[in-house]
Each structure stands twice: as C-alpha cells, then as structure tokens.
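Tertiary structure, described
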Amino acid sequence: MSRETWTWDELFEGLDPAPSFVSELERLGLLRVVARDGHGAPLYGAEAREQLEKVLSLVELGYQPKDIAAIARKVGLPIQRRGLFQRPPTYIRLSELARRSGVDEVMLVAWRDRGILRPAMRTEGGDALFSTATVEGAKALQDLVEFGFGVDELEAWSQLARELERLVTELPARPSGNGAVDPKAAATARSSAAQADEVIAVLRRRVERLRVGLRRWDKLLGGYDKRLERIRRAYGLDEPRRPRLSRRRRPRTRRRNPDEEGAAGSGT
C-alpha cells in the first residue's frame, strides 16, 4: 500500500512561509522531506501537517526554530534528521512517467487501475507518485505489449514479478547443521518459481520469433529499397529524405610498427 505525503502547496495551504524558514525547519529535522518530485520540489511525510502545527504554535509564542528543536529532543516532539550526504529519493507523477518512458499516458492509467503499475506513495490530495525506477518498468511492459501480451497477461506477470521480488528480499539464511527452512515458505517459493519458469519460457519463445522476424524483414525491406531505387533512376524521381541511423563507433586502434610486433612476439 502506498504511503501518503504532502506537497508544498498542500502542506502550506493558506500560509505564506519564507523559503528560508522552511529550509531551516528541514535542516533541524522539524519537517521531514521524504522524497522529491520530478521537478525537485519537496514531498513531506504523512506526519508533516501535525508536526508543522506544533512548530507554528511555538513560533507564535516567540520560540526560534533552534529552540524548538532543543525542546523536541527533551519533550518528544518528533524530530528526524536525514544523514549529512543522504539525498531523499525522487518520485514522479503519471504525466512525467509518460514523458520519460514514452508510453502513452492513457495506457499508464489503465495499468495503474489494474494494479500492473503501483505508485510508491500518494500525496494528501490523492495524486499517485511513482519511483524513477518505474520508468524502465513501464518501458519493459510496453515491450511485452509489442511481444503480444494482453492486459490480463501483464497483470499476471506484474503480480508474479512482485512476488519474486518479495521472496528475494525475504531469503532465509542458508540452513546449516540441523537448521531447516520453513516448509510453508518453501512451498510458496516452489510454486512461484514454477510459474515464473513457465512465463519466462513463453517470453523466450516470443523473443526468438521476433528476432527471426526482424532478420527476415530486414532482408525484405532491403530488397524493396533496391526496387524503389531502380524505379527512381528510371523515372528521374527525387530521393526521399530518410532519418540517419546512428552507428556504433569502433574504438580506434593504433597500428604497431614492425619493431613493436617483433618485440611483442618475442615476449620481451
């Protein structure tokens, strides 16, 4: 289940705080930035509104933020500081996910509604936020669509992938001596692994068919290019502008002179 967060606008609705004041609260741990969106704006934890109200009530009494932080350590006002060099993770909205992945936003909405894509957290206003790793996940799902997978198959695969990820994160230590693995956990892992093997086998077969088809169509299109070239030459037609394909550059190699080759061959 995704966590709730507050955006800047949601947290400070009706207020007009100075950015320097908010930055100080963040630095002192009185406001916790749990993540940032795709534009770098802060996202605050679910407890931020309650914590902000406590801080502002003390500010109205004349306390400075550093004094409030000292009070927090003594009285128990929640205070959480992030490590000195630790950056909060970045989360993006659906529109940004569509832009970065190249997948149509309507498709992403359908996947989200089916649970194929799950947001990492939601803002207090209900907006879904996704981790940046979801960009590659969305691209991979689009590949599966190209491979011929339907929505039901995508849903089954996403559930299976999440289950495998859960099993990996909960891997038990290798039993030694008289230690033993929980039979129920082992049965679950066996069932999930068997399902994954079946799906992966189907994927491999489809990928191989695509690979064979790509080679076939590369030859066919080359043949049609030659036919069109003959027609254009015969009728004096202009050549169409075609996009230039990027070619992988080969690394330059320095040719050895005979003396170097002799030295290399002699092992000296």
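Please read these numbers as outputs of a predicted model, since none were measured by experiment. (Residues numbered from 1 in each chain as written. Predicted model: local features only at pLDDT ≥ 70, side-chain atom pairs only at ≥ 80, totals over all residues. Heavy atoms only, no water.)

1. What to know about the packing of aromatic side chains
Selection criterion: Whether two aromatic rings pair depends on their centres lying within 6.5 Å, for rings of Phe, Tyr and Trp, where Trp uses its six-membered ring; planes under 30 degrees apart make the pair stacked, over 60 edge-to-face, and the rest tilted. Here the term buried applies to any residue with accessible area under 20% of the maximum for its type, exposed to any over 50%, and partly exposed to those in between, with areas from a 1.4 Å probe on protein chains only. The numbering of helices and of strands both runs from the N terminus, where a helix is a DSSP run of H or I of at least 4 residues and a strand a run of E of at least 2. Charges are assigned to positions over rings by a cutoff of 6 Å between ring centre and Lys NZ or Arg CZ, combined with an angular limit of 35 degrees from the ring normal.
By the definition in use, this model includes two aromatic pairs. Considering the side-chain rings of W8 and F12, the 4.7 Å spacing of their centres and the 50° angle between planes classify their relative orientation as tilted. A relative accessible area of 5% means that F12 is categorised as buried. For the ring pair F12 and Y44, a centre distance of 6.1 Å and an interplane angle of 90° mean the geometry is edge-to-face. Separated by 32 residues along the polypeptide, F12 in the loop between α1 (8–11) and α2 (19–28) and Y44 in strand β3 (residues 42–44) bring together distant segments of the chain. Its guanidinium or amino end placed over the ring of F149, R206 lies 4.3 Å from that ring's centre, counting from NZ or CZ. When the ring centre of Y224 is taken as reference, the NZ or CZ atom of R227 above it lies at 5.0 Å.

2. Looking at the nonpolar core
Across soluble globular proteins, nonpolar side chains show a tendency to be buried alongside one another. To be explicit about the condition: In this description, a nonpolar core means a group of buried Ala, Val, Leu, Ile, Met, Phe, Trp, Tyr and Cys residues linked to one another through side-chain atoms lying within 4.5 Å.
In terms of nonpolar packing, the biggest core is built from 18 residues, with L97, L108, W111, L117, F130, L141 and L154 touching the most fellow members. Listing elements by their share of this core, those giving two or more residues are α5 (94–101), α6 (105–114), β6 (128–131) and α7 (134–146). Tallying contributions element by element places α7 first for this core, with four residues. In this structure, W6, V55, L58 and A72 belong to the second largest nonpolar core, which totals 17 residues.

3. Side note on the pattern of salt bridges
Heads up, the condition is: We count a salt bridge whenever a side-chain nitrogen from Lys or Arg sits within 4 Å of a carboxyl oxygen from Asp or Glu.
Counting across every chain of the model gives 15 salt bridges. The salt bridge partner of R93 is D37, with a shortest N-O separation of 3.7 Å. Here the residue R93 occupies a position in the loop between β4 (91–92) and α5, and D37 occupies one in the loop between β2 (33–36) and β3, the gap between them amounting to 56 residues. Among the residues examined, R93 registers a relative accessible area of 27% and is labelled partly exposed. A relative accessible area of 10% means that D37 is categorised as buried. A salt bridge links E229 to R233; the shortest N-O distance between them is 2.7 Å. Residue E229 and its partner R233 are both found in helix α9 (residues 183–235); the two are separated by four residues, about one turn of the helix. Using a relative accessible area of 32% as the deciding quantity, one classes E229 as partly exposed. With a relative accessible area of 66%, R233 lands in the exposed category. Salt bridges sharing common partners tie together D37, R93 and D127.

4. What to know about the confidence of the model for the chain
To keep things clear, this is the line we draw: Per-residue confidence from the predictor is reported as pLDDT, which spans 0 to 100. Here, residues are in contact when the closest pair of their heavy atoms is within 4.5 Å.
With 80% of its residues at a pLDDT of 70 or more, the chain has an overall mean of 79. Averaged pLDDT values over the elements of the chain bottom out at 44 in helix α10 (residues 258–266) and peak at 94 in α6. Low pLDDT, under 50, characterises residues 256–268; the stretch is placed with five contacts to residues that sit more than four places away or in other chains.

5. Some thoughts on a nonpolar patch on the surface
Definition in use: Grouping into patches uses exposed residues only, defined as over 30% relative accessible area, and leaves out salt-bridged ones; the cut-off is 9 Å for like charges and 5 Å for nonpolar side chains (Val, Leu, Ile, Met, Phe, Trp, Tyr). Working definition of accessibility: Shrake-Rupley area with a 1.4 Å probe, residue cover restricted to the visible protein chains.
On the surface, W217, L220, L221 and Y224 cluster together to form a nonpolar patch covering roughly 430 Å² of accessible area. Its place among the elements puts W217 in helix α9.

6. Some words on α2
Going by this rule: In this description, one arc is meant: the one made by directions from the helix axis to the C-beta atoms.
For α2, the full list of buried residues reads V22, L25 and L28. All buried residues of α2 project into a common sector of 130° when viewed along the axis, lining one side. Exposed residues on α2 whose side chains face more than 90 degrees from its buried face are P19, S20 and R27. Backbone geometry just after α2 places G29 at a positive phi near 85°.

7. Details of the environment of L108
Secondary-structure assignment places L108 in helix α6. On the basis of relative accessible area, L108 is assigned to the buried category, the value being 0%. Residues L108 and L141, spaced 33 residues apart in sequence, show a C-alpha to C-alpha distance of 9.9 Å.

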